[in-house]
Amino acid sequence: MTPMPAKDRDVRSFLPLTPAMLHTLLALADGDKHGYAILKEVTRRTGGAVRLGPGTLYTLIKRAVVDGLIVETDDRPDPALDDERRKYYRLTPRGRRVAIGEIERLESIVDLAHEKKLRPRTA
């Protein structure tokens, strides 16, 4: 049996993610954001189906930073357009791998649902 690559073991140790954590990582997948921008992004992308409260979000951010999934970044927009009190966050390569791993895990569940005829395939 071939040993699992270290990167794959690393990813699997974080799975499954909570839906809130996956949405947080997805919000950062296309660029750095501050906390309030993450909240707005999640609400917008889900059509309001997922609404993270500030307490939930900042607990997730703290955990994601400790786990190396995101980092606080010093890169900031033009100071004239920004509030200096805001903290900006960036998805790390590890965070990207973990998000991809979770998406692949969820896709495999949906594939199984198709096989079991619980969810018809769409054209």
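Residues numbered from 1 in each chain as written. Predicted model: local features only at pLDDT ≥ 70, side-chain atom pairs only at ≥ 80, totals over all residues. Heavy atoms only, no water.

What follows covers the nonpolar core. If you look at the biggest cluster of nonpolar residues, it comprises 23 residues, and the most contacted ones within it are L17, L25, I38, I70 and V98. Contributions of two or more residues to this core are made by α2 (19–28), α3 (35–45), α4 (54–66), β3 (88–91) and α5 (93–115). The element that contributes the greatest number of residues to this core is α2, accounting for 6 residues. With sequence-adjacent residues up to four places away left out, V98 is seen in contact with V11, F14, L15, L17, L25 and L69. (Core = buried A, V, L, I, M, F, W, Y, C linked by side-chain atoms within 4.5 Å. Buried < 20%, exposed > 50% of the residue type's maximum accessible area, 1.4 Å probe, protein only. Helix = DSSP H or I, 4+ residues; strand = E, 2+ residues; numbered from the N terminus. Contact = heavy atoms within 4.5 Å.)

What follows is about the pairing of β3. Relative to β3, strand β1 (residues 33–34) is paired through 2 bridges, and the arrangement is antiparallel. Residue pairing for β3: K33 is matched across the bridge by Y89. As defined by bridge partners, strand β2 (residues 70–73) adjoins β3 across 4 bridges and the pair is classed as antiparallel. Bridge pairing in β3 links I70 to L91. (Pairing = 2+ DSSP bridges.)

Turning our eyes to something else, we now look at α4. Relative to the 18 Å expected for 13 residues at 1.5 Å per residue, α4 spans 18 Å between its end C-alpha atoms, a close match to the ideal helical length. Taken together, the buried residues of α4 touch α2, α3, β2 and β3. The first or second residue beyond α4 is G68, which carries a positive phi of 75 degrees. (Expected span 1.5 Å × (residues − 1).)

Let us now look at a negative patch on the surface. Together, E104, E107, D111 and E115 make up a negatively charged patch on the protein surface. By secondary structure assignment, the location of E104 is in helix α5. (Patch = residues over 30% accessible without salt bridge, like charges linked within 9 Å, V, L, I, M, F, W, Y side chains within 5 Å. Areas by Shrake-Rupley, 256 points an atom, 1.4 Å probe, with all protein chains shown as cover. Salt bridge = Lys/Arg side-chain N within 4 Å of Asp/Glu carboxyl O. Lys, Arg positive; Asp, Glu negative; His and termini not counted. Charge placed at Lys NZ, Arg CZ, Asp CG, Glu CD.)

This part covers the pattern of salt bridges. For the structure on display, the rule yields 9 salt bridges. In this structure, D30 and K33 form a salt bridge, with 2.8 Å as the shortest nitrogen-oxygen distance. For D30, a relative accessible area of 51% puts it in the exposed group. A salt bridge links E41 to R44; its shortest N-O distance comes to 3.4 Å. Taken together, the residues E41 and R44, both in helix α3 and 3 residues apart, mark about one turn of the helix. Here the residues in one salt-bridge network are D30, K33, E41, R44 and R45, joined through shared partners.

Here we come to the side chain of T73. Inspection of the secondary structure puts T73 in strand β2. When its relative accessible area of 7% is taken as the criterion, T73 is described as buried. Within the local environment of T73, its side chain forms a polar contact with the side chain of R90, the two groups lying 3.4 Å apart. (Polar contact = N/O pair within 3.5 Å; in protein donor to acceptor, adjacent residues only side chain to side chain.)

Function cannot be inferred from these measures alone, as they are strictly geometric.
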